[in-house]
Amino acid sequence: MMRKMMVAMLMAAMLLVSGVSMAQTEVACGGLSEADCAILTQSAEAMAGVTSATFVMDFVIDTGDQGAMTIAADGSYNTAELAAFDAEALASLNSADPTVALTVLKDVIAAFDGTLNLTISGSPEIGLPADVNVSLVLVDGIGYMNFAQLAALAGADGDQMLTAFGITEWAGLELVGAIDMLGGMAGDMGDMGAATPDVEASEAAAEAALNYITVARGADVDGEAVFTTTIDLAGLINDPAFADIMAAQGGEMSEADMTEALAVLEGVVIIANSTIDLETLFQTSVSFEFAISGEALAAAGGDAPSNLSLTGSIQFDNFNNAPAITAPEGPVATIMDLMGLMGGMGGF
């Protein structure tokens, strides 16, 4: 059963990734009027011009009897320097040559600034000792973390551990240098038989996905248009174009496996709601629900497990006017420093 569930989750993930890729060139308007489709299209164009914003997020992972986990987050981003990258350069991230992909990744990380503050909590069944707080900052290719927040989980010994490493609160790692090292290692190893992405199959699957996406406009709320998107996963998996990309990714399934995976997909619900400011055409929020019924999981050979669900929402604000992102005070290590530390500790 677990294998069939993982296959179903993989299919869903592939669909969502395809949707992100297609969003760069085509907007899914399934079932909308021409006027409503124009709103989505113009909003996509407006959002493509956004170089900074703030956000607030909430996610809930509910596993039924095994407990629930909540993730609350807020942050900001600035992508102004990414404007220098064209679509062809970003597409190189999917290159079969790891050195090419890592070179582009290094440049992208160096051009992206962001902050992210997370609070992770769980029901008693999850077993977290307390709420976990994580604060991250990425500036000029250096990733920073607030280690004092994590040290608090270790009790009285936490502060001593930080002192031993010369950290009081924040510390950073030069990510660009780390990627340079990975690039060198990848170059020494060659392509290691890496498969060349099947671009045509991916494009065909992404185009096919549009046929299984339905979009409806609801009543406006406070000057914002509300759109609801649903995805027919069971229909998509039966599409020959999607079967081709599954095979290209090494995911070819037997008829029996396909039947059981479809049984899971029939119990999958994917619904997303988005709001668009009708004056600025900026997308101000996105909420979603990804749920799998216990009955569907049981149909794949399980013991009638509980329903599983992932729900979340993201609100955006301060478009093109987010606060400046600055590096926190604290030591910055290189990848060589980190490797030396690990060696001194016996590789943990």
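Predicted model only: the values in this text are computed from it and were never measured.

Chemist: Could you clarify how one ought to interpret the sheet that holds strand S10 (residues 283-292) in this entry?
Modeler: Neighbouring strands of a sheet are bound in pairs by backbone hydrogen bonds; such pairs are parallel or else antiparallel. Ordered in space as S7-S8-S9-S10-S11-S1-S2-S3-S4-S5-S6-S12, the twelve strands form an open sheet in which the pairing is mixed. Looking at which strands have only one partner, the edges of the open sheet turn out to be strand S7 (213-217) and strand S12 (332-333). Across seven bridges, the pairing between strand S8 (residues 224-231) and strand S9 (residues 268-277) is antiparallel. Directly across from Ala-225, in S9, lies its bridge partner Ile-276.

Chemist: Just to check I follow, could you spell out the pattern of salt bridges for this structure?
Modeler: Once the charged atoms of two side chains with opposite charge are near each other, the side chains can pair. Enumeration over the complete set of coordinates arrives at two salt bridges. In this structure, Arg-217 engages Asp-36 in a salt bridge whose closest nitrogen and oxygen atoms are separated by 2.7 Å. Note that Arg-217 is positioned in strand S7 and Asp-36 in helix H2 (residues 34-48), a separation of 181 residues in sequence. In this structure, Asp-220 and Arg-217 form a salt bridge, with 2.9 Å as the shortest nitrogen-oxygen distance.

Chemist: Help me understand the environment of Met-69 in this model?
Modeler: Mapped onto the fold, Met-69 is located in strand S2 (residues 68-78). Classification of Met-69 by relative accessible area gives partly exposed; the value is 23%. As for Met-69 and Ser-123, which are separated by 54 residues in sequence, their C-alpha atoms are 6.5 Å apart. Residues contacting Met-69, with those up to four places away along its chain left out, are Phe-59, Val-60, Ile-61, Ile-120, Ser-121, Gly-122 and Ile-126.

Calculation notes
- Residues numbered from 1 in each chain as written.
- Predicted model: local features only at pLDDT ≥ 70, side-chain atom pairs only at ≥ 80, totals over all residues.
- Heavy atoms only, no water.
- Pairing = 2+ DSSP bridges.
- Helix = DSSP H or I, 4+ residues; strand = E, 2+ residues; numbered from the N terminus.
- Salt bridge = Lys/Arg side-chain N within 4 Å of Asp/Glu carboxyl O.
- Buried < 20%, exposed > 50% of the residue type's maximum accessible area, 1.4 Å probe, protein only.
- Contact = heavy atoms within 4.5 Å.

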